[in-house]
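If you want the building blocks of each chain, they are given just below.
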Amino acid sequence: MANQQGDFIWYELMTLDADAAQSFYGELLGWTFQDSGQQHIDYRMFSVKDNGIGGVMQLTEDMKTNGAQSCWMGYISVDDVDASLKSIKDAGGSVIMEPWDIPDVGRIAFVTDPQGVMFYIMTPQPPANSPDATSTAFAATQPMIGHCAWNELATIDQAAAVVFYTTQFGWRQEDDMDMGPMGTYQFFHHGPGMIGAVMTKPEEMPAPAWTYYFRVADIDEAVDTIKTNGGQILLEPTEIPGGEFQINAIDPQGAAFALVGPRK
């Protein structure tokens, strides 16, 4: 079954140093990299066992001059980029980059939600020999090492964010968890299960943003790898419902990310 409107289908690291990022994440998550073949830009695709997860893009001097910094972005599948873009703008979102086409890949736009959180929307073009090709970049139905396991939105207006994302992408906000002083953690459902959650941005977080949790086989081994290779741990392993552990970290180039996995 091909991906549907509202699925997370790709993850992209914009970084100050693509070579260093490739080395860091390759060791940490077992990703293998290949050049995308795009002209005029250093863009590398990474995968796990031939399953595409995302891409690494070297920030250009122009991007850095205009304030771009290392960060992770997610791509949300839509049936029609142009129609979705109009709907997003009508709902108070904004456009960073107008729609463009990548041959044999799809049509893409770079946008923000009404609270300024950035993400991509994309209408993918499946391979001609596999019209029902499905992205498993987000492992929606079963745990998959190296794949994204959770999509978490920290926002400055939680109620408005719930309305925006459920309206735009067909997500359902069902169930929540009381986090005490941090407020309510509200879960997003889509398709066969949960895809992530939304919470109010903590004060120590610089700006509202999506955080993407990638799955590892051993959370403590991952922590050691991050520290050894120049990353920074923001949240040491913390047990979550179900018995696994999460961490929040920053890579050596300053991009925030998160991991989830068991403690062995």
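Refer to the structure presented above.
Here goes a summary of the coordinates provided. (Residues numbered from 1 in each chain as written. Predicted model: local features only at pLDDT ≥ 70, side-chain atom pairs only at ≥ 80, totals over all residues. Heavy atoms only, no water.)

## Focus on the sheet that holds strand 12 (residues 193-200)
Here is step 1: The mixed open sheet is built from eight strands, whose spatial order is 10-11-12-9-13-16-15-14. Each having just a single partner strand, strand 10 (172-178) and strand 14 (232-239) make up the two edges of the open sheet. Strand-to-strand twist in this sheet, taken as the mean axis angle between neighbours without regard to direction, amounts to 25 degrees.
Here is step 2: Pairing of strand 9 (residues 148-155) with strand 13 (residues 209-215) involves six bridges; the strand directions are antiparallel. The partner of Leu-153 across the bridge, within strand 13, is Trp-210.
Here is step 3: Relative to strand 11 (residues 184-190), helix 4 (residues 158-169) is tilted by about 0 degrees, and along the sheet it contacts strand 9, strand 10, strand 11, strand 12 and strand 13.
Here is step 4: Across the face of the sheet, helix 5 (residues 219-228) comes into contact with strand 14, strand 15 (245-250) and strand 16 (256-261) while running at roughly 170 degrees to strand 14. (Pairing = 2+ DSSP bridges. Helix = DSSP H or I, 4+ residues; strand = E, 2+ residues; numbered from the N terminus. Axes fitted to C-alpha atoms, helices over the stretch in contact; angles between N-to-C directions. Contact = heavy atoms within 4.5 Å.)

## Looking at the packing of helix 3 (residues 81-90) against helix 4
Here is step 1: At a closest axis distance of 11 Å, the pairing of helix 3 and helix 4 adopts a crossing angle of 155 degrees. On the basis of the axis angle, helix 3 is roughly antiparallel to helix 4. The handedness of the crossing between helix 3 and helix 4 comes out as right-handed. Contacts between helix 3 and helix 4 involve Ser-84, Ser-87 and Ile-88 from the first element and Phe-164, Gln-168 and Phe-169 from the second. (Parallel < 35°, antiparallel > 145°, perpendicular 65-115°, else oblique. Left-handed = near helix turned anticlockwise from the far one by under 90°.)

## Regarding the nonpolar core
Here is step 1: In terms of nonpolar packing, the biggest core is built from 54 residues, with Tyr-25, Trp-72, Tyr-165 and Leu-259 touching the most fellow members.
Here is step 2: It is helix 1 (residues 18-29) that contributes the most residues to this core, six residues altogether.
Here is step 3: In this structure, Ile-9, Leu-59, Met-73 and Met-122 belong to the second largest nonpolar core, which totals 14 residues. (Core = buried A, V, L, I, M, F, W, Y, C linked by side-chain atoms within 4.5 Å. Buried < 20%, exposed > 50% of the residue type's maximum accessible area, 1.4 Å probe, protein only.)

## A word on helix 1
Here is step 1: Its 12 residues place the ends of helix 1 16 Å apart at the C-alpha level, agreeing with the 16 Å of an ideal helix rising 1.5 Å per residue.
Here is step 2: Turning to helix 1, its buried residues number three or more, namely Ala-18, Ala-21, Phe-24, Tyr-25, Leu-28 and Leu-29. Projected onto a plane normal to the axis of helix 1, the buried residues spread over an arc of 125 degrees and lie on a single side. Away from the buried face of helix 1 by more than 90 degrees, exposed residues Asp-19 and Glu-27 are located.
Here is step 3: The N-capping residue of helix 1, defined by a side-chain oxygen 3.2 Å from the backbone nitrogen of Asp-19, is Asp-17. (Expected span 1.5 Å × (residues − 1). Arc of directions from axis to C-beta. Polar contact = N/O pair within 3.5 Å; in protein donor to acceptor, adjacent residues only side chain to side chain.)

## Some thoughts on unusual backbone geometry
Here is step 1: Backbone geometry places Lys-49, a non-glycine residue, at a positive phi of 50 degrees.
Here is step 2: Relative to the elements of secondary structure, Lys-49 occurs in the loop between strand 3 (43-48) and strand 4 (51-58).
Here is step 3: Of note in this structure, Asp-104 is not a glycine but carries a positive phi near 65 degrees.

## Points about the sheet that holds strand 1 (residues 8-15)
Here is step 1: The eight strands are arranged 2-3-4-1-5-8-7-6 in an open sheet whose pairing can be described as mixed. The sheet is open, and its two borders are formed by strand 2 (32-35) and strand 6 (94-102), each paired with just one other strand. Strand-to-strand, the axes of this sheet are offset by a mean angle of 25 degrees, without reference to chain direction.
Here is step 2: With six bridges joining them, strand 6 and strand 7 (residues 106-112) adopt antiparallel strand pairing. Of the residues in strand 7, the one forming a bridge with Met-97 is Phe-110.
Here is step 3: Sheet strands in contact with helix 3 are strand 6, strand 7 and strand 8 (118-124), and its direction is about 10 degrees off that of strand 7.

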